[in-house]
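Letter by letter, the chains look like this.
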Amino acid sequence: MEEAGATIFYDDEDCLDYECLQDNNNEMYDYDYADVDKETLHELYQYCLSPSLYDTGHYLLPLFGSTILFRLFVHTRYISYRIFHVLSVAIGLYIIQHYAQESFLVLTIFALFSYGVLHAPKKWHGGIRICLSSLLIIAYCEFSMQPVVWHKVRSMVMTMAMKVISVAIDTNGSDDLPDIYSYMGYMFCGVTCLFGPWVSFKDYLSLRCCNNQTRWWIIWGIGYAVLSFVFLSISNCWTQWIFVDNSWKWLMAYRDALSFRTSHYFVSYIGSALLVFGGFPLPSSMIVKPFYIEFPRSLVQVVIYWNIPMHYWLKTYIFRPSIKRFGKFGAVTVTYLVSSLLHGLNFQLAAVLFSLGLYTYVEFQLRAMFAETFDACIASKQCAKHKCTHKYNSYNCWWVFMTNLAFAGLAMFHLAYLGLMFDTSDLQETGYNYSHTIDKWAQLGFASHWIALATYCIYFLIK
């Protein structure tokens, strides 16, 4: 495995809770294509594409309006430091009240409680303690809230928990603690409080210091917004129209997984657009890279580009501190465990995350061994084109190209298997349960897990 600062094996599904926005769309625009003749393109536009895109755009208008207002406050220099953070809190609280008022009280108490812990005596506000406190609050919400409500607001609680933990670890052992104004402005920042992603406290504070955006920021923001609606149309309409319900079971599995992934891309690009419109630097606005997920070189590549900010967060605040205590494999396990707990006590999410963790670990080890043995560029992470030190690579050897292509196909197969249970059934409103997960995988004979086991056996026998 690589060193602590290199690629690690975990997945983030910060936007798994896209259902808070997506559920209503699916209820209105989900059709049973098996019972009727396949719709024409005109009917697809009239009954799915047009209302879905229009209603979602109308739904998001207050959010985009609030973000533009936040940007005006960022670049208005006669607003004082404290007033800016107060306005940031006000915008965030408005967005929370407008879109998810069920989480208003929980997030307010959480922010105040975490600030109190942060300013407690040093022995009480270490990173581990604040992390455990955040996970306990998430567990409390899991058991105290109605399933529908918790499923709607958990991504917001998770994003705030990530902010709290990052601030606690960054200031651990330091007397330079954030004041109440900047801390609350960061916690309730209207740009990230609803859909995320996580941004560092340093990046939030730097908004007032300098303008890191180009003059083409508005083009980038509009481009991200357009891309988000393209992926929304694919998730809501095109996947169901192309792959009908009487298709081969593996095509249906791929359809459901693709619909889920494109929903994630939709929310991620909405988040990117909000970051750009809110004044954050363009490099930090990149959340997801769909091309590297849909056509992956390896599962390791998938988990990196699924949610780039959370990949960085988990690597920085969980993996690197854990590797010193538990070793590399233990750090991988702890990282996936924390990622699962941040999403709540949900069997399906935990099963997918831990399965993905095992898959990526075995794949990485096997391919690293092959790369060293054959001096070929077939490791999980591709070498830079002009810096590859292997004797054989995809540009000068056909079997290297075919080997990488085979592993890419295997990654796509695993993605279809792992993502198929995130369908549009009624369970999406409350979260998918144990039986739903097992039944979905059983329908495909647990094929992906058997292949992963066979891959591990090959690695174990030849290592």
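Everything numeric here is computed off the predicted structure, so don't read it as measured data.

Quick notes on the rules
Residues numbered from 1 in each chain as written. Predicted model: local features only at pLDDT ≥ 70, side-chain atom pairs only at ≥ 80, totals over all residues. Heavy atoms only, no water. Salt bridge = Lys/Arg side-chain N within 4 Å of Asp/Glu carboxyl O. Helix = DSSP H or I, 4+ residues; strand = E, 2+ residues; numbered from the N terminus. Buried < 20%, exposed > 50% of the residue type's maximum accessible area, 1.4 Å probe, protein only. 1 Å grid on protein atoms, 1.4 Å probe; cavity = no way out; pocket = protein on both sides within 12 Å on 5 of 7 lines; lining within 4 Å. Points joined across faces, edges and corners; volume = space filled by probe spheres on them. Disulfide = S-S within 2.5 Å. Phe/Tyr/Trp six-rings, centres within 6.5 Å; stacked < 30°, edge-to-face > 60°. Lys NZ or Arg CZ within 6 Å of the ring centre and 35° of its normal. Core = buried A, V, L, I, M, F, W, Y, C linked by side-chain atoms within 4.5 Å. Polar contact = N/O pair within 3.5 Å; in protein donor to acceptor, adjacent residues only side chain to side chain. Contact = heavy atoms within 4.5 Å. Axes fitted to C-alpha atoms, helices over the stretch in contact; angles between N-to-C directions. Parallel < 35°, antiparallel > 145°, perpendicular 65-115°, else oblique.

Student: I tried to follow the pattern of salt bridges on my own but got confused; where do I start?
Tutor: Pairing between side chains of opposite charge can happen when the charged atoms of each approach one another. With the rule as written, the count across this model stands at 4 salt bridges. Linking lysine 152 and glutamate 102 is a salt bridge whose minimum nitrogen-to-oxygen distance equals 3.6 Å. Taken together, the positions of lysine 152 in helix 6 (residues 147-170) and glutamate 102 in the loop between helix 3 (81-99) and helix 4 (104-118) put the pair 50 residues apart, joining distant regions of the chain. Residue class for glutamate 102 comes out partly exposed when judged on its relative accessible area of 33%. With a shortest N-O distance of 2.7 Å, glutamate 294 and arginine 261 are connected by a salt bridge. Here arginine 261 lies in helix 10 (residues 249-278) and glutamate 294 lies in helix 11 (residues 290-294), a separation of 33 residues in the sequence.

Student: For this particular structure, what's the right way to read empty space enclosed by the protein?
Tutor: Picture a little ball the size of a water molecule; that probe, rolled over the atoms, points out where space is still empty. Within this structure, the stated rule accounts for 9 cavities of 30 Å³ or more. Here the second largest cavity is characterised by a volume of approximately 90 Å³. Together, Leu299, Tyr359, Val362, Glu363, Phe407, Leu410, Ala411, His414, Ala452 and Thr455 line the second largest cavity. With 4 residues, helix 15 (residues 398-419) is the single largest residue contributor to the lining of the second largest cavity.

Student: Help me understand the state of the cysteines in this model?
Tutor: Here is the idea: a disulfide is a covalent bond, and it sits between the sulfur atoms of two cysteines. One pass over the full model with this rule turns up 1 disulfide. Covalently, cysteine 48 is tied to cysteine 237 through a disulfide, its sulfur atoms 1.9 Å apart. One quick way to see it: the torsion about the S-S bond of cysteine 48 and cysteine 237 is about -90°, and its sign makes the bridge left-handed. Placement of cysteine 48 in helix 2 (residues 41-74) and of cysteine 237 in helix 9 (residues 217-242) is noted, with a sequence separation of 189 residues between them.

Student: Explain the packing of aromatic side chains to me, please; I cannot follow it from the model alone.
Tutor: We describe a pair of aromatic rings using the distance from one ring centre to the other and the angle between the two ring planes. Summed over all chains, the structure comprises 31 aromatic pairs. With 5.0 Å between their ring centres and 65° between their planes, phenylalanine 329 and tyrosine 361 make a pair best called edge-to-face. Pair noted here: phenylalanine 329 is in helix 13 (residues 308-342) and tyrosine 361 is in helix 14 (residues 347-374), with a separation of 32 residues, a long-range link. You can call phenylalanine 329 partly exposed: its relative accessible area is 43%. Given the relative accessible area of 18%, tyrosine 361 is considered buried. Positioned above the aromatic ring of tryptophan 217 is the side chain of arginine 71, whose terminal nitrogen or guanidinium carbon lies 3.5 Å from the ring centre.

Student: What am I meant to see in the nonpolar core here?
Tutor: General note: in soluble globular proteins, nonpolar side chains tend to be found buried as a group. In terms of nonpolar packing, the biggest core is built from 110 residues, with Phe70, Met187, Phe188, Trp313 and Leu342 touching the most fellow members. In terms of nonpolar packing, the next biggest core, distinct from the first, is built from 10 residues, Ala376, Ile378, Phe407 and Tyr459 among them.

Student: Looking at this structure, how should I read the side chain of serine 88?
Tutor: Topologically, serine 88 is positioned in helix 3. Serine 88 gets classed as buried once you look at its relative accessible area, which sits at 1%. Within the structure, serine 88 has its side chain in polar contact with the side chain of tyrosine 204 (distance 3.4 Å). When sequence neighbours within four positions are dropped, the list of residues in contact with serine 88 reads Phe70, Gly185, Phe188, Cys189, Gly190 and Tyr204.

Student: Explanation requested: the packing of helix 6 against helix 13 in the structure shown.
Tutor: For any two helices packed against each other, one specifies the inter-axial angle together with the distance between the axes. Orientation of helix 6 relative to helix 13, taken along the N-to-C sense of each, is 45°, at an axis distance of 8 Å. By the criterion of interaxial angle, the relationship of helix 6 to helix 13 is oblique. Taken together, the residues of helix 13 that come into contact with helix 6 (itself represented by Met158, Ala161, Met162, Ile165, Ser166, Ile169 and Asp170) are Met310, Trp313, Tyr317 and Leu342.

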